[in-house]
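Residues per chain are reported as follows:
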Amino acid sequence: MAKREIISIPDKRLRMPSAPVERIDDDLRRLIDDMFETMYAAPGIGLAAVQVGVPRRLITLDVVGREDEAREPRPMVLVNPELLWTSDERATYEEGCLSIPDYYAEVERPARVRVGYLDREGRRQEVEANGVLAVCLQHEIDHLEGRLFIDHLSKLKRDMVVKKFTKAAKQAREKAM
Ligand code: K1U
Ligand code: ZN
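Notes on the structure follow. Not measured: the values here are computed from a predicted model.

1. Concerning helix H2 (residues 131-144)
Its 14 residues place the ends of H2 21 Å apart at the C-alpha level, agreeing with the 20 Å of an ideal helix rising 1.5 Å per residue. For H2, the set of buried residues is Leu-133, Ala-134, Val-135, Cys-136, Leu-137, Gln-138, His-139, Glu-140, Ile-141, Asp-142, His-143 and Leu-144. Just downstream of H2 lies Gly-146, where phi reads positive at about 80°.

2. Re the coordination of the zinc ion (ligand 2)
In the first shell of the zinc ion (ligand 2), the protein supplies Cys-97 (SG), His-139 (NE2) and His-143 (NE2), at 2.1 to 2.3 Å from the metal. When the donor residues of the zinc ion (ligand 2) are listed from N- to C-terminus, their spacing reads C-x41-H-x3-H. Separated by four residues within a single helix, His-139 and His-143 lie in helix H2, roughly one turn from each other. This pair shows no difference in class: His-139 is buried, exactly as His-143 is.

3. Comments concerning the nonpolar core
Where a protein is soluble and globular, its nonpolar side chains tend to be buried together. The biggest cluster of nonpolar side chains holds 17 residues, and the ones touching the most others in it are Leu-61, Met-76, Leu-78, Val-115, Val-127, Leu-133 and Leu-137. Elements represented by at least two residues in this core include exactly strand S2 (58-61), strand S3 (76-86), strand S6 (113-118), strand S7 (124-129) and H2. Not counting residues within four places of it along the chain, the set of residues in contact with Leu-61 comprises Phe-36, Met-39, Ile-45, Gly-46, Arg-74, Pro-75, Met-76, Leu-78, Leu-133, Cys-136, Leu-137 and Glu-140. Listed in part, the 15 residues of the second largest apolar core include Leu-31, Met-35, Leu-58 and Val-79.

4. Looking at the sheet that holds S6
Through backbone hydrogen bonds, the strands of a sheet pair up, either in parallel or in antiparallel fashion. A sheet is described by the order of its strands in space; here five strands give the open sequence S1-S2-S3-S6-S7, paired in antiparallel fashion. Each of the sheet's edge strands pairs with one partner strand only, and the pair in question is strand S1 (46-48) and S7. Going across the sheet, the axis of each strand differs from the next one's by a mean of 40°, ignoring polarity. Note that S3 and S6 share five bridges and pair antiparallel.

5. Quick word on the site of ligand 1
The immediate surroundings of ligand 1 are formed by 14 residues, with Ile-45, Gly-46, Gln-51, Leu-98 and Glu-140 found nearest. A total of 540 Å² of accessible area belongs to ligand 1 in isolation, and the protein chains cover 85% of it. By residue class, the composition of the shell around ligand 1 is five nonpolar, six polar and three charged.

6. Some words on the side chain of Arg-57
Locating Arg-57 in the fold gives a position in the loop between S1 and S2. Classification of Arg-57 as buried rests on a relative accessible area of 13%. From its side chain, Arg-57 meets the backbone oxygen of Ser-18 in a polar contact 3.1 Å long. Excluding its chain neighbours within four sequence positions, the residues that come into contact with Arg-57 are Ser-18, Ala-19, Pro-20, Val-21, Leu-78, Val-79, Asn-80, Pro-81, Leu-144 and Glu-145.

7. A closer look at the pattern of salt bridges
Taken as a whole, this structure holds 19 salt bridges when the rule is applied. When the shortest N-O distance is used, the salt bridge between Asp-11 and Arg-13 registers 2.7 Å. On the basis of relative accessible area, Asp-11 is assigned to the partly exposed category, the value being 23%. Since its relative accessible area comes to 43%, Arg-13 is described here as partly exposed. Residues Lys-170 and Glu-174 are paired through a salt bridge, measuring 3.5 Å at the closest nitrogen-oxygen approach. Of this pair, Lys-170 and Glu-174 both sit in helix H3 (residues 155-176), four residues apart, roughly one helical turn.

8. What about the state of the cysteines?
Tallied over the entire structure, the rule returns zero disulfides. Its sulfur unpaired, Cys-136 is 10 Å from the next cysteine sulfur, which belongs to Cys-97. Since its relative accessible area comes to 5%, Cys-136 is described here as buried.

Rules behind the numbers
Residues numbered from 1 in each chain as written. Chains lettered and ligands numbered in written order. Predicted model: local features only at pLDDT ≥ 70, side-chain atom pairs only at ≥ 80, totals over all residues. Heavy atoms only, no water. Helix = DSSP H or I, 4+ residues; strand = E, 2+ residues; numbered from the N terminus. Expected span 1.5 Å × (residues − 1). Buried < 20%, exposed > 50% of the residue type's maximum accessible area, 1.4 Å probe, protein only. Donors = N, O, S within 2.8 Å, 3.2 Å for Na, K, Ca; no water. Core = buried A, V, L, I, M, F, W, Y, C linked by side-chain atoms within 4.5 Å. Contact = heavy atoms within 4.5 Å. Pairing = 2+ DSSP bridges. Axes fitted to C-alpha atoms, helices over the stretch in contact; angles between N-to-C directions. Near = heavy atom within 4 Å. Areas by Shrake-Rupley, 256 points an atom, 1.4 Å probe, with all protein chains shown as cover. Nonpolar A, V, L, I, M, F, W, Y, C, P; charged D, E, K, R; others polar. Polar contact = N/O pair within 3.5 Å; in protein donor to acceptor, adjacent residues only side chain to side chain. Salt bridge = Lys/Arg side-chain N within 4 Å of Asp/Glu carboxyl O. Disulfide = S-S within 2.5 Å.

Here is the structure:
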């Protein structure tokens, strides 16, 4: 297993839709293992393959995470996930993103979802979720479409965040020269 670099805004790769996974083989399972190592180390509760620069429809999740030692970890892998149903009821949750470090904001989304996907062995599965799992599933599926949680905020807030990260990336490039 290896920890991979997480790309952050304004990297344009985060804005491209990811392509379906065509084959679940040992190469893909190695990528999945690397994504778990990267996600737990961050630490994060979810990760989309595009965040480690691989534009494939693949996500890892563990909303229990490594931080809460009192609870058993619950790692989930979703290959080619699809939102099958969303509730009319909505809920607000304070979201963060490993590709937008140290920025958190309240986002309103459907409170409950049903998602279809393939597991690590290629078997078709469905999960119905509420609470933080529903939030995280929607956040990660957004990544696969090139959407970020800041797209759910006002244009003013989004522009401020993008400007701040664009300036920081420019300064880092200049320092490296
Ligand atoms: O996709 C990502 O960028 C990961 C992101 C997922 C997420 C967080 C919150 C709401 C929706 C989706 C993160 O994991 S950010 C880090 C985080 O929230 C966290 C880290 C450690 C313990 C608990 C939470
Ligand atoms: Zn994210």
